[in-house]
Amino acid sequence: MKKIFVVLSLVGFIILFSACSKEEIRLEVFNPEAFAFHIGEEWELNASAQVRGFEQFEEDKSFSIKLSYYVNLLTPSGELFEEVDYGMIDKTNNNKVLDTPLEIQMILDDSFEQGDYILQIFVTDDHSGQMDSTHVKFNLSD
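What comes next concerns the included structure. (Residues numbered from 1 in each chain as written. Predicted model: local features only at pLDDT ≥ 70, side-chain atom pairs only at ≥ 80, totals over all residues. Heavy atoms only, no water.)

## Structural notes on the overall build of the chain
Part 1: Assigned secondary structure in the chain consists of 1 helix and 8 strands.
Part 2: Among the 142 residues that make up the chain, the fraction classed as buried is 30%.
Part 3: Sequence separation of at least 24 residues holds for 62% of the intrachain contacts in the chain that already meet a minimum separation of 6.
Part 4: As displayed, the chain has an accessible area near 9,700 Å², and 53% of this comes from carbon and sulfur atoms. (Helix = DSSP H or I, 4+ residues; strand = E, 2+ residues; numbered from the N terminus. Buried < 20%, exposed > 50% of the residue type's maximum accessible area, 1.4 Å probe, protein only. Contact = heavy atoms within 4.5 Å. Areas by Shrake-Rupley, 256 points an atom, 1.4 Å probe, with all protein chains shown as cover.)

The structure is reproduced here in structure tokens:
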């Protein structure tokens, strides 16, 4: 009888502990978009994505976000250009935010062939160390 009580108590404790534990927040990069348009001899590439699940530190009634990112470009012929763009989102807000935009803009010269490209976006939450990535296809054509 004591064994059943101990086992039931242990199971109850595990259920109670898991129900009260804090939900894990996972960094997520989502909703990527990209398009390019011809401007003379070059292409202007505009891309964006949303980022959520980042850690926010509160200090003096404001919340800070610190995200680092870099971008790789995969050409139609399979050539990979690494870290063609990189940067940081370092914001302070009066309130907690659910997500934040990531915007990328770059110029591709006329050496880039027409065709289907893949833009790979890698984001790191500098507060928590979590990383996530996404990719988006776009086309260079007249």
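## Notes on the sheet that holds strand S1 (residues 28-39)
Part 1: Read from one edge to the other, the open sheet built from 3 strands follows the order S1-S2-S6, with strand pairing classed as antiparallel. Edge positions in the open sheet fall to S1 and strand S6 (99-108), since each of these has one partner strand only. Averaged over all adjacent pairs, the angle separating strand axes in this sheet is 15°, with direction ignored.
Part 2: Where S1 and strand S2 (residues 42-52) come together, 10 bridges link them in antiparallel fashion. The partner of Ile 39 across the bridge, within S2, is Glu 42. (Pairing = 2+ DSSP bridges. Axes fitted to C-alpha atoms, helices over the stretch in contact; angles between N-to-C directions.)

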